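# Chains, contacts and geometry: an overview
Listed below, chain by chain, are the residues.
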Amino acid sequence: MPYCVEINRSWFEAWPKCKCKQPIEEGDLRWGSHDQDDWSVDGHTYWSHLACVSHKVFQNAVLAHGSLAAIPGAAEDEYDLLDELEDAAARAETVRAKSHDSSFPRLLNFV
């Protein structure tokens, strides 16, 4: 599954909602996960706020593209989004680490 990162440039494109159920507003960074292995093949791109991307998805993206810098949109736009991408990946790792910490309070006991 290929991935990309970009700035949402259109108010019209705010209607696709992230898994958090909030719209991705114009000017917000968004993460795309395409359901086909090739962008040229028709398919669907699932958009998320960059802050809503999980550690596992970042890992899969690095496996698919080789590095965060190689993800389309990370460093090829007029904006360099690599710093924001690296920060989001670090935050996702922190959230993952806390969720596996036995001292971290759990809301559900089936984990």
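What comes next is a walk through the structure. Keep in mind that this is a model prediction, so the values were computed, not measured. (Residues numbered from 1 in each chain as written. Predicted model: local features only at pLDDT ≥ 70, side-chain atom pairs only at ≥ 80, totals over all residues. Heavy atoms only, no water.)

Now for the sheet that holds strand E3 (residues 45-49). Taken together, the three strands give an open sheet; going across it, the order is E1-E2-E3, and neighbouring strands pair in antiparallel fashion. Strand pairing shows two members of the sheet lacking a second neighbour, strand E1 (3-7) and E3, which therefore form its edges. The mean angle between the axes of side-by-side strands here comes to 30°, regardless of whether they run parallel or antiparallel. Of the strand pairs in this sheet, E1 and strand E2 (residues 29-34) are connected by five bridges, and their pairing is antiparallel. When the sheet's bridge partners are listed, Val5 is paired in E2 with Trp31. Those strands touched by helix H1 (residues 55-65) are E1 and E2, and its axis lies near 110° from that of E1. (Pairing = 2+ DSSP bridges. Helix = DSSP H or I, 4+ residues; strand = E, 2+ residues; numbered from the N terminus. Axes fitted to C-alpha atoms, helices over the stretch in contact; angles between N-to-C directions. Contact = heavy atoms within 4.5 Å.)

What follows covers the pairing of E2. Summarising burial for E2: five of the six residues are buried, a large majority. Examined bridge by bridge, E2 and E3 share five bridges and lie antiparallel to one another. Considered in E3, the bridge of His34 is made with Thr45. (Buried < 20%, exposed > 50% of the residue type's maximum accessible area, 1.4 Å probe, protein only.)

With 17 residues, the main nonpolar core has Val5, Trp31, Leu50, Phe58, Leu68, Ile71 and Leu85 as its most contacted residues. Listed by contribution, the elements that provide at least two residues to this core are E1, H1 and helix H2 (82-99). Per element, the largest residue contribution to this core is five residues, and it comes from H2. What Leu85 contacts, discounting residues up to four positions off in sequence, is Val5, Trp31, Leu50, Phe58, Leu68, Ile71 and Ala74. (Core = buried A, V, L, I, M, F, W, Y, C linked by side-chain atoms within 4.5 Å.)

Inspection of the secondary structure puts His34 in strand E2. By relative accessible area, which is 4% here, His34 ends up buried. In this structure the side chain of His34 is engaged in a polar contact, spanning 2.9 Å, whose partner is the side chain of Thr45. (Polar contact = N/O pair within 3.5 Å; in protein donor to acceptor, adjacent residues only side chain to side chain.)

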